[in-house]
Amino acid sequence: MAKVLVVAELLEGKARKTTLCAVTAAKRIAEGTGGSFDILSIGEGAGAAAEELSGYGAAKVLKAEIAGGYTCEKYAATVAEAGKGYDVLVACASAYGKDLLPRVAAKLGAGVASDISAVHIDGGKLSYTRPMYAGNVYGTVEILTGKQVVTVRQSEFEAAAASGGTSPSEDIAVQSDPAADKVEFLGVEVVKSERPDLGDADIVVSGGRALKSADNFTNVIEPLVDALGAAMGASRAACDAGYVSPELQVGQTGKVVAPKLYVAIGISGAIQHLAGMKGSKTIVAINKDKEAPIAQVADYFLVADLFDAVPALTEEVKKL
Amino acid sequence: MTADDGKTLEVKRELDTGVATVKVTGPAVITTSDRILHPESVQNGVTPDGHQYAKLEVGGRYASLKGIMQAKKKPIDQMSIADLGVDTAKALNYTKFELPPARSGETTFVEDAADLVDKLHNVAKVI
């Protein structure tokens, strides 16, 4: 009979899709234990986002309007206070969830299972699977504290679909926290892209160090990305070399993706990169070296010079 | 990361959607992305500002021999967990560790771009 609270993630007054992945996990926990779940919409534009989130089967949507940009210190006390009436708190393991929920858990004295890939329910008892050590080990963990805090891996929990109905909403008081005065939000540069979001795209095309320059990303990779309607990603080496911006990094220290199709171009496949994409359904590698480690996970491998193969591939895709 | 007035730090944080700037007043706990590890990222007040660091292909900053020797002379404070006032009651219990599910299937080597598109469209049916 677990009571579950989903902590929503807002971006510019709208719920990010990551919120719906947390809703999926919360639903599983609520249904599996015969409990229920609520959603907490917190941040600037919490009211509008709460309306948006009212059609997903939550018993209630809580609203806490907090003006100005996000800082963990500013949100945590309010989330913790709201969380007191719940058994399990769930958020997506995005940069936001990974930042906020640990502080909330500390305030509640709750144990945390972070970045989980599955929920197990056995006789009403919860346990979670979490990929560890760059995805080389899957651990199953139980949380022993009275309250449980969980962050879920976006690529492993499909975004919840609207289930109709309207959840009643309720304003909750914003709690103050002395720590919040010590951290002042100055601004955020949001990178806008017309392309799908890397975290939930059906197709991801990534480039590596072999691209050799930012211009080659623009001239060689981007036409293929757009022909496929894909999201663009990159290896760590390509991000560090400044070919593309860091939020496109796929891998252990970047984003973990699991699209239907992942195309790795000029990426050798270091274990840290594989940790971020080996859950993809179909993996294609384009590389000059057929012995490259990416071959361990690739379903299809085109041994070729990418500067010949990628433009040819773009043309072939356009013919479909 | 910049510290202009000696009291506050302005730090940039990488998010999923971009980069946020926040100003923190100490004492503060800061964790860094390993991307910060370029030789020019840290000013130690000794090396002149205009110093030309070697350009490394991959970011990296190595401790100097002098720095290592100095570090060895620093006093080490031993503290017990009780000193820190940390609750050590077990909050988590791992019941199982297993290998991740293996990827099924072999790698198919394709001839060329046309062959690849054909396989993705007609066999894997992903485009």
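Just so you know, these numbers come straight off a predicted model, no measurement behind them.

Each value, and the rule that gives it
- Residues numbered from 1 in each chain as written.
- Chains lettered and ligands numbered in written order.
- Predicted model: local features only at pLDDT ≥ 70, side-chain atom pairs only at ≥ 80, totals over all residues.
- Heavy atoms only, no water.
- Phe/Tyr/Trp six-rings, centres within 6.5 Å; stacked < 30°, edge-to-face > 60°.
- Helix = DSSP H or I, 4+ residues; strand = E, 2+ residues; numbered from the N terminus.
- Buried < 20%, exposed > 50% of the residue type's maximum accessible area, 1.4 Å probe, protein only.
- pLDDT = per-residue confidence, 0-100.
- Contact = heavy atoms within 4.5 Å.
- Buried area = accessible area lost by both parts, 1.4 Å probe.
- Salt bridge = Lys/Arg side-chain N within 4 Å of Asp/Glu carboxyl O.
- Polar contact = N/O pair within 3.5 Å; in protein donor to acceptor, adjacent residues only side chain to side chain.
- Pairing = 2+ DSSP bridges.

A few words on the packing of aromatic side chains. All names here are of chain A. Tallied over the full model, the rule gives five aromatic pairs over all chains. On the basis of an interplanar angle of 45° and a centroid distance of 6.3 Å, the ring pair of Phe-217 and Tyr-243 is categorised as tilted. Of this pair, Phe-217 sits in helix H5 (residues 214-228) while Tyr-243 sits in the loop between helix H6 (236-240) and strand E16 (261-265), and the two are 26 residues apart along the sequence. Residue Phe-217 shares its accessibility class with Tyr-243, and that shared class is buried.

What follows deals with the confidence of the model for chain B. Residues and elements named next belong to chain B. Residues of chain B with pLDDT of at least 70 account for 84%, and the chain-wide mean is 84. The weakest mean pLDDT in chain B belongs to helix H1 (residues 65-72) at 89; the strongest belongs to strand E3 (residues 92-98) at 97. Both scores are available for the predicted complex, with the pTM at 0.89 and the ipTM at 0.87.

Next up on the list: the interface of chain A and chain B. With 66 residues of chain A in contact, the opposing surface of chain B contributes 53 residues. When chain A packs against chain B, close to 4900 Å² is buried across both sides, 58% of that on carbon and sulfur atoms. On inspection of chain A and its partner chain B, the count reaches three salt bridges. Put simply, chain A and chain B have 26 residue pairs in polar contact (both at pLDDT 80 or more) between them. Ranked by residues supplied to the side of chain A that touches chain B, first place goes to strand E13 (residues 183-190) of chain A with eight residues. As defined by bridge partners, strand E18 (residues 300-303) of chain A adjoins strand E4 (residues 108-110) of chain B across three bridges and the pair is classed as parallel. Its bridge partner being in E4 of chain B, Tyr-300 of chain A is matched across the sheet by Thr-108 of chain B.

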